[in-house]
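# Close look at the chain arrangement
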Amino acid sequence: MATILPTPPKIGMVSLGCPKNLVDSERILTQLRSDGYQMSPDYAGADVVLVNTCGFLDSAKEESLEAIGEAIAENGRVIVTGCMGKEAEAIRTRFPQVLAITGAHEYEQVVGAVHDAAPIPPSAFLNLVPDAGLKLTPRHYSYLKISEGCNHRCAFCIIPSLRGDLVSRRPDAILREAEKLVAAGTKELLVISQDTSAYGVDMRHSTWPLKSGGTVRAHMTDLARELGRIAPWVRLHYVYPYPHVDQVIPLMAEGLVLPYLDIPFQHAAPSVLKRMKRPANDAKVLERIRGWRAVAPDIAIRSTFVVGFPGETEADFQYLLDWLDEAQLDRVGAFRFEPVEGASANALPDQVPEAVKEERYARIMEKTAAISTAKLYAKIGRTLDVIIDAVDEDGGATGRSEADAPEIDGEVFLRDAGHLALGDIVPVTIEDADEHDLYGVPA
Ligand code: SF4
């Protein structure tokens, strides 16, 4: 019996300008092809025409506008991308019927606009890649990248020189990806970036229309709220304690976002933070943490610290240990300072001897393990929601509470849980604890 394949939409492309624009066109077409689209060599056969414009000179702009006009006259369904995307107003004034306008290198946006204008019919023969993309994590949790690069210049880090300044993804594109992931079975979204609290700064926190009719602001709080409406669990990673982070804590109290913050403090002593050139280096952080706990008492704070940074004295290190006593962080990872090739910290005076780093590392690990143990013991007898990561053949299961991110935090080991499935979120009565993990039974 013959299988009749659905006909995929066809895309026409007019590519103007320099070789860089040509490479952009190739990249867009490669993505569309892998999404299942076919190409049309003429206007007549295309379901939608992409015009990749050039805006280098006035003559190039005029040529771009003429090309848009021709595509509209010949086909009528036109998406504009490329350098003239910066002059969206001028294009809309002359051609109000243009379907969408995106700027140069905005691959995700232009591909999204094509999907909106000419959706691919669902078919295993056309959609070679699942809607939610190819994932390396289990189906029930997914990492969601909201920006790339970083505006800070921490002395021990070379990420900005590798990845450049912060570039945020459009909030509507992030929400669309989140919806696809949840439709494909994701229960927990792990929001990642180099600096989640800075999300949208490069877009001046502008407001974007949503296909559903509403709008969303390119801002961590607004994005977190919208994500909370899409996924059962939303976990925020790499947040810096800027004052506006206070605004996401009520979302935790409301249950929209998990009561969990991953804040890489790296140190507490003001002189060390200054030499590290850390962002949000504010002496009032302890007060802020107290304020967060007043609003969301169960908030789990995870952090990482560097010991033995150049110039760290015994007094600085003791300051850090005392600060940890006050802060009572739930999860802590520690690193001995290592000179990464290209980092400005390598040239700082007063490098700390390896033996001292080792000794401080052992002391911070001992301190944080004691805090973690006490906090986990305090959970015995409580009933906590747990997401199931694995079910074994002997009737046991392994999961994580709201306070545990996958791979980096602790786990909850369950007995009498053979009936559960991966990704289930179930109430669990906690029966025991140790330094890092909890033990319990489905309630
Ligand atoms: S450590 Fe983080 S905040 Fe600092 S420069 Fe590197 S990526 Fe940016």
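In case you missed it, the structure is sitting above this.
Below or above, wherever it landed, is the structure these notes cover.

Quick notes on the rules
- Residues numbered from 1 in each chain as written.
- Predicted model: local features only at pLDDT ≥ 70, side-chain atom pairs only at ≥ 80, totals over all residues.
- Heavy atoms only, no water.
- Helix = DSSP H or I, 4+ residues; strand = E, 2+ residues; numbered from the N terminus.
- Contact = heavy atoms within 4.5 Å.
- Areas by Shrake-Rupley, 256 points an atom, 1.4 Å probe, with all protein chains shown as cover.
- Expected span 1.5 Å × (residues − 1).
- Buried < 20%, exposed > 50% of the residue type's maximum accessible area, 1.4 Å probe, protein only.
- Polar contact = N/O pair within 3.5 Å; in protein donor to acceptor, adjacent residues only side chain to side chain.
- Pairing = 2+ DSSP bridges.
- Axes fitted to C-alpha atoms, helices over the stretch in contact; angles between N-to-C directions.
- Right-handed = clockwise from strand over helix to strand, strands pointing away.
- Core = buried A, V, L, I, M, F, W, Y, C linked by side-chain atoms within 4.5 Å.
- 1 Å grid on protein atoms, 1.4 Å probe; cavity = no way out; pocket = protein on both sides within 12 Å on 5 of 7 lines; lining within 4 Å.
- Points joined across faces, edges and corners; volume = space filled by probe spheres on them.
- Nonpolar A, V, L, I, M, F, W, Y, C, P; charged D, E, K, R; others polar.
- Salt bridge = Lys/Arg side-chain N within 4 Å of Asp/Glu carboxyl O.
- Near = heavy atom within 4 Å.
- Sits in = over half its atoms within 2 Å of the grid points.
- Parallel < 35°, antiparallel > 145°, perpendicular 65-115°, else oblique.
- Left-handed = near helix turned anticlockwise from the far one by under 90°.

This paragraph deals with the overall build of the chain. Check the secondary structure of the chain and you find 12 helices and 20 strands. Along the three orthogonal principal directions, the C-alpha set of the chain runs to about 70 × 60 × 35 Å. In the chain, the proportion of contacts linking residues at least 24 apart, taken out of those at least 6 apart, comes to 72%. As displayed, the chain offers around 21000 Å² of accessible surface, 55% of which is attributable to carbon and sulfur atoms.

In this section: helix α12 (residues 354-377). Along its 24 residues, α12 runs 34 Å from first to last C-alpha, staying within 8% of the 34 Å computed at 1.5 Å per residue. Along α12, the positions that sit buried rather than exposed are K357, R360, I364, T368, A369, I371, S372 and L376. Among the structural elements, β14 (300-307), α11 (314-327), β15 (331-336), β19 (425-433) and β20 (438-442) are those in contact with the buried residues of α12.

Bringing the side chain of T186 into the picture now. Within the element layout of this structure, T186 appears in the loop between α6 (171-183) and β9 (188-192). According to the relative accessible area criterion, T186 is buried, its value standing at 2%. Looking at T186, its side chain comes within polar contact range of the main-chain oxygen of R139, at 3.2 Å. Within the local environment of T186, its side chain forms a polar contact with the side chain of S142, the two groups lying 2.6 Å apart. In contact with T186, not counting residues within four places along its chain, are K135, R139, H140, Y141, S142, L181 and P232.

Right, let's talk about the sheet that holds strand β18 (residues 412-414) for a bit. The strands making up a sheet associate through hydrogen bonds between their backbones, and the pairing can be parallel or antiparallel. Taken in spatial order, the 5 strands close into a barrel running β16-β17-β18-β20-β19, and their pairing is mixed. Between one strand axis and the next, the sheet turns by 50° as a mean value, whatever way the strands run. Sheet topology places strand β16 (residues 383-391) next to β19; 5 bridges connect them, and they run antiparallel. Paired with L384 across the strands is V428, a residue of β19.

Looking along a regular strand, one sees the side chains alternate between the two faces of the sheet. With 5 of its 5 residues buried, strand β4 (residues 78-82) lies for the most part within the structure. Bridging between strand β3 (residues 48-53) and β4 involves 5 bridges; their strand directions are parallel. Counterpart to L50 in the pairing with β4 is I79. For the segment spanning β3, helix α2 (residues 58-74) and β4, crossover handedness is right-handed. Inspection of the sheet shows β4 paired to strand β5 (residues 100-101) by 2 bridges, in the parallel sense. Opposite I79, over in β5, you have A100 as the bridge partner. Each parallel crossover has a hand, and the one from β4 via helix α3 (residues 88-94) to β5 is right-handed.

This next bit is on the nonpolar core. Formed by 55 residues in total, the largest nonpolar core has its most connected members in L261, W323 and L329. When residues in this core are grouped by element, the largest group, 6 residues, is from α11. If near-sequence neighbours (up to four positions away) are discounted, L261 is found in contact with L236, V239, V245, I249, M252, W292, I299, A300, I301 and R302. Residues V49, V78, F95 and V98 belong to the second largest nonpolar core, which totals 17 residues.

The rolling of a water-molecule-sized probe over the atoms marks out the regions of remaining empty space. Quantified by volume, the second largest pocket comes out at close to 810 Å³. For the second largest pocket, the lining is made up of 32 residues, of which F156, I159, P264, Q266 and T304 are closest to its centre. Listed by contribution, the elements that provide at least two residues to the lining of the second largest pocket are α5 (159-163), β9, β14 and β15. The element that contributes the greatest number of residues to the lining of the second largest pocket is β14, accounting for 3 residues. Among the residues making up the lining of the second largest pocket, the classes are represented as 20 nonpolar, 6 polar and 6 charged.

For the structure shown, the criterion picks out 30 salt bridges. When the shortest N-O distance is used, the salt bridge between D409 and R302 registers 2.6 Å. In this pair, D409 sits in the loop between β17 (397-401) and β18 while R302 sits in strand β14, placing the two residues 107 residues apart along the sequence. A salt bridge links R400 to D389, with the shortest nitrogen-to-oxygen separation between them at 2.7 Å. With R400 in strand β17 and D389 in strand β16, the pair connects residues that are 11 residues apart, well separated along the chain. The network of salt bridges with common partners includes E312, E314, E359, R360 and R363.

What follows concerns the site of the ligand. The local shell around the ligand consists of C150, H152, C154, F156, C157, I159, P160, Q194, Y240 and R278. When atoms are counted within 2 Å of each cavity's grid points, the one that captures over half of the ligand is the second largest pocket. Here the shell around the ligand is built from residues that sort into 7 nonpolar, 2 polar and 1 charged.

It is worth spelling out the side chain of R400 at this point. Exposure remark for R400: the relative accessible area of 1% places this residue in the buried category. Among the polar contacts listed, one links the side chain of R400 to the side chain of E188, at a separation of 2.8 Å. In this structure the side chain of R400 is engaged in a polar contact, spanning 2.7 Å, whose partner is the side chain of D389. In this view, R400 contacts Y141, E188, W233, R235, D385, V386, I387, D389, A405, P406, G410 and V412; residues no more than four positions away in its chain are not counted.

Helix-helix packing is characterised by the crossing angle of the two axes and by the distance between the axes. Contact geometry of helix α10 (residues 285-295) with α11 gives a least axis separation of 10 Å together with a crossing angle of 15°. Viewed along their axes, α10 and α11 adopt a mutual orientation that is roughly parallel. In this structure, α10 crosses over α11, and the sense of that crossing is right-handed. Of the residues in α11, those touching α10 at V285, L286, I289, R290 and R293 are W323, E326 and A327. Across the contact of α10 with α11, the residue classes tally to 5 nonpolar, no polar and 3 charged.

Such coordinate-based values are descriptive only and should not be taken to indicate function.
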